[in-house]
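# An overview of the molecular structure
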Amino acid sequence: MGMKQHNPNYPVGMTTLYSGDRSIYFGVYVPGWLDDLSKVTAFENEARKNVSIIMFYQGWGLTDGTQNFQPVWMNNIRNHGSIPMVTWEPWLYTEVVNQSAYSLRNITDGNFDKYIAKWAKDAKSWRYPFFLRFAHEMNGNYYPWSEQVNSNQPGEYMQAWKHVHDIFTKNDVTNATWVWSPNISYPGSSSIPPLYPGDDYLDWIGIDGYNWGVVQDHTWQSFTEIFKQTYDEITALSQKPVMIAEIASTEEGGNKADWIADAFNTKLLLNFPRIQAVIWFNENKETDWRITSSNAARQTFIRTIASSIYLSNQFATLNKNPIPTSDPDSLS
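An account of the accompanying structure is given in this report. What you are looking at is a predicted structure, and each value in this text was computed from that prediction instead of being measured. (Residues numbered from 1 in each chain as written. Predicted model: local features only at pLDDT ≥ 70, side-chain atom pairs only at ≥ 80, totals over all residues. Heavy atoms only, no water.)

### Looking at the overall build of the chain
Counting secondary structure elements, the chain contains nine helices and nine strands. Computed over the C-alpha atoms, the radius of gyration of the chain is 19 Å, within 12% of the 20 Å expected from 2.2 N^0.38 for a compact globule of 332 residues. In terms of principal-axis extent, the alpha carbons of the chain reach across some 50 × 50 × 40 Å. Taken as a whole, the chain presents about 13,600 Å² of accessible surface, with 48% of it coming from carbon and sulfur. Measuring between centres, the 25 positive side-chain charges of the chain sit 7 Å from its 34 negative side-chain charges. (Helix = DSSP H or I, 4+ residues; strand = E, 2+ residues; numbered from the N terminus. Rg over C-alpha atoms; globule rule 2.2 N^0.38 Å. Areas by Shrake-Rupley, 256 points an atom, 1.4 Å probe, with all protein chains shown as cover. Lys, Arg positive; Asp, Glu negative; His and termini not counted. Charge placed at Lys NZ, Arg CZ, Asp CG, Glu CD.)

### So, the environment of Pro 144
Along the chain, Pro 144 turns up in the loop between strand 4 (130–134) and helix 5 (156–170). The class of Pro 144 is buried, set by a relative accessible area of 0%. C-alpha of Pro 144 to C-alpha of Gln 299: the two residues are 155 residues apart in sequence and 39 Å apart in space. If we ignore the near neighbours within four places in the chain, the residues touching Pro 144 are Trp 91, Val 97, Gln 99, Tyr 102, Val 149, Asn 150 and Asn 152. (Buried < 20%, exposed > 50% of the residue type's maximum accessible area, 1.4 Å probe, protein only. Contact = heavy atoms within 4.5 Å.)

### Concerning unusual backbone geometry
Only a minority of non-glycine residues have a phi that is not negative, and only a minority of peptide bonds are not trans. With an omega of -10°, the peptide bond between Asn 321 and Pro 322 qualifies as cis. With respect to the helices, strands and loops of the structure, Pro 322 is situated in the loop between strand 9 (310–311) and helix 9 (328–331). You will see that Asn 150, though not glycine, has its phi angle at about 60°, which is positive. The residue Asn 150 is located in the loop between strand 4 and helix 5 in this model.

### Some thoughts on the side chain of Asn 139
Take Asn 139: it is sitting in the loop between strand 4 and helix 5. By relative accessible area, which is 0% here, Asn 139 ends up buried. Polar contacts involving the side chain of Asn 139 include one to the main-chain amide nitrogen of Asn 183, which spans 2.9 Å. The contacts of Asn 139, once residues within four sequence positions are left out, are Gln 148, Pro 182, Asn 183, Ile 184, Ser 185, Tyr 186, Ser 189, Ser 190, Ile 192 and Leu 195. (Polar contact = N/O pair within 3.5 Å; in protein donor to acceptor, adjacent residues only side chain to side chain.)

### Looking at the nonpolar core
Counting residues in hydrophobic clusters, the biggest one holds 103 residues, and the most contacted among them are Trp 88, Phe 168 and Trp 180. Ranked by residues supplied to this core, first place goes to helix 4 (residues 113–126) with seven residues. Residues within four places of Phe 168 in sequence aside, it is in contact with Trp 88, Ile 116, Trp 119, Ala 120, Leu 132, Val 173, Ala 176 and Trp 178. (Core = buried A, V, L, I, M, F, W, Y, C linked by side-chain atoms within 4.5 Å.)

### Comments concerning the side chain of Asn 282
Summarising the element assignment, Asn 282 is placed in the loop between strand 8 (275–281) and helix 8 (295–305). Within the structure, Asn 282 has its side chain in polar contact with the backbone nitrogen of Ile 291 (distance 2.9 Å). Contact partners of Asn 282, with chain neighbours within four places excluded, come to Val 28, Tyr 29, Val 30, Pro 31, Phe 43, Glu 46, Trp 289, Arg 290 and Ile 291.

### Remarks on the pairing of strand 2 (residues 53–59)
Among the seven residues in strand 2, six count as buried, and that is most of the element. Alignment of strand 1 (residues 24–29) against strand 2, held across two bridges, turns out to be parallel. Bridging from a neighbouring strand, Val 28 pairs with Ile 54 of strand 2. Both strand 2 and strand 3 (residues 83–89) contribute to a ladder of seven bridges, which runs parallel. Directly across from Met 55, in strand 3, lies its bridge partner Met 85. Traced from strand 2 through helix 2 (residues 71–79) to strand 3, the parallel crossover comes out right-handed. (Pairing = 2+ DSSP bridges. Right-handed = clockwise from strand over helix to strand, strands pointing away.)

### Digging into the packing of aromatic side chains
For the structure on display, the rule yields 46 aromatic pairs. Where Phe 56 meets Trp 73, the ring centres are 5.5 Å apart and the plane angle is 90°; that geometry is what we call edge-to-face. A residue pair is termed long-range when its members are at least 10 positions apart, and Phe 56 in strand 2 and Trp 73 in helix 2 qualify at 17 residues. You'll find Phe 56 and Trp 73 in the same group, each marked buried. Geometrically, the ring pair formed by Phe 69 and Trp 119 is edge-to-face, given 5.0 Å between the ring centres and 85° between the ring planes. Of this pair, Phe 69 sits in the loop between strand 2 and helix 2 while Trp 119 sits in helix 4, and the two are 50 residues apart along the sequence. Residue classification places Trp 119 among the buried residues on the basis of a relative accessible area of 1%. (Phe/Tyr/Trp six-rings, centres within 6.5 Å; stacked < 30°, edge-to-face > 60°.)

### Examining the pattern of salt bridges
Counted by the stated rule, this structure contains eight salt bridges. As a salt-bridge pair, Asp 232 and Lys 228 come within 2.6 Å of each other at their nearest N and O atoms. Separated by four residues within a single helix, Asp 232 and Lys 228 lie in helix 6 (residues 223–237), roughly one turn from each other. Looking at Lys 228, the relative accessible area reads 33%, which means it is partly exposed. Bridged by salt links that share partners, the residues Arg 133, Asp 208 and Glu 246 form one connected network. (Salt bridge = Lys/Arg side-chain N within 4 Å of Asp/Glu carboxyl O.)

### Things to note about the packing of helix 4 against helix 5
At a minimum axis distance of 9 Å, the contact between helix 4 and helix 5 shows a crossing angle of 45°. With respect to their mutual orientation, helix 4 and helix 5 come out oblique. Pair helix 4 / helix 5 crosses with right-handed handedness. Two secondary-structure elements touch here, helix 4 through Asp 113, Ile 116, Ala 117, Trp 119 and Ala 120 and helix 5 through His 163, Val 164, Ile 167 and Phe 168. The class makeup of the residues in the contact of helix 4 with helix 5 is seven nonpolar, one polar and one charged. (Axes fitted to C-alpha atoms, helices over the stretch in contact; angles between N-to-C directions. Parallel < 35°, antiparallel > 145°, perpendicular 65-115°, else oblique. Left-handed = near helix turned anticlockwise from the far one by under 90°. Nonpolar A, V, L, I, M, F, W, Y, C, P; charged D, E, K, R; others polar.)

Keep in mind that these numbers describe shape and distance, not what the molecule does.
Below is the structure:
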């Protein structure tokens, strides 16, 4: 391996125990921060490490202005040294799953073209790189963009994805890094390959997966049990870089601290070499997914995420599109 020129976005002296000087973007979702970063910085204080990606959710269906591209939110994240990731959801999240207005056919037929084009143009005007995770977990049955619900038909998800992407292309929007992000496969989920829009229509592949323990009739699962099947499936589909776009564990039914150590110290690093980013879902929702659900969980998270493999907020000047993998050769 040749000598690398130092990049200001990559810390001097970073070394890892793994081949290829592997490094991984470390990100978080925390609810309710949008106008300022105080809740993000509170998480960072709890984790004793700042994050390289800040993810948030944005629904199409709101009418108070928050459905539009938000330069202030994006600037807050970039000025913090982090990379924004917008999970962009075509629905009104306060309503039920079956929302006829947000059928996949209505997206493809152009019912939202004006909104999409404005959002895309505003993103272009902002100029800086960000991840755009559109219509995630499409293989489930709990969002209006799933082909299993809302009178959607097989093949319509891919058509809708391409239609939205084409609007960005038509408007020469190059700073959006597209993340196609299924949920882990589970009994009853849609087959993933027919939902894949093709390498020309995305930049990264995400996977969402949680250790539910015994919550809602689930069983305790290791990191490998959760992700291996879907990881193998998507890495066979494409050579695009992979991220875990949502991950967390409950305390119910096992030892969360041990789960975190196994996931972040061992399994992710040794058995999932294509994963280049991981984003912790830090909310007390269906169960307490937060790293502070117990002192043991928090202390273990602090120790594991402290590794220099997991990158911090050093990306205030990142200007590569699409956003590169987190390995040093990509960032330099």
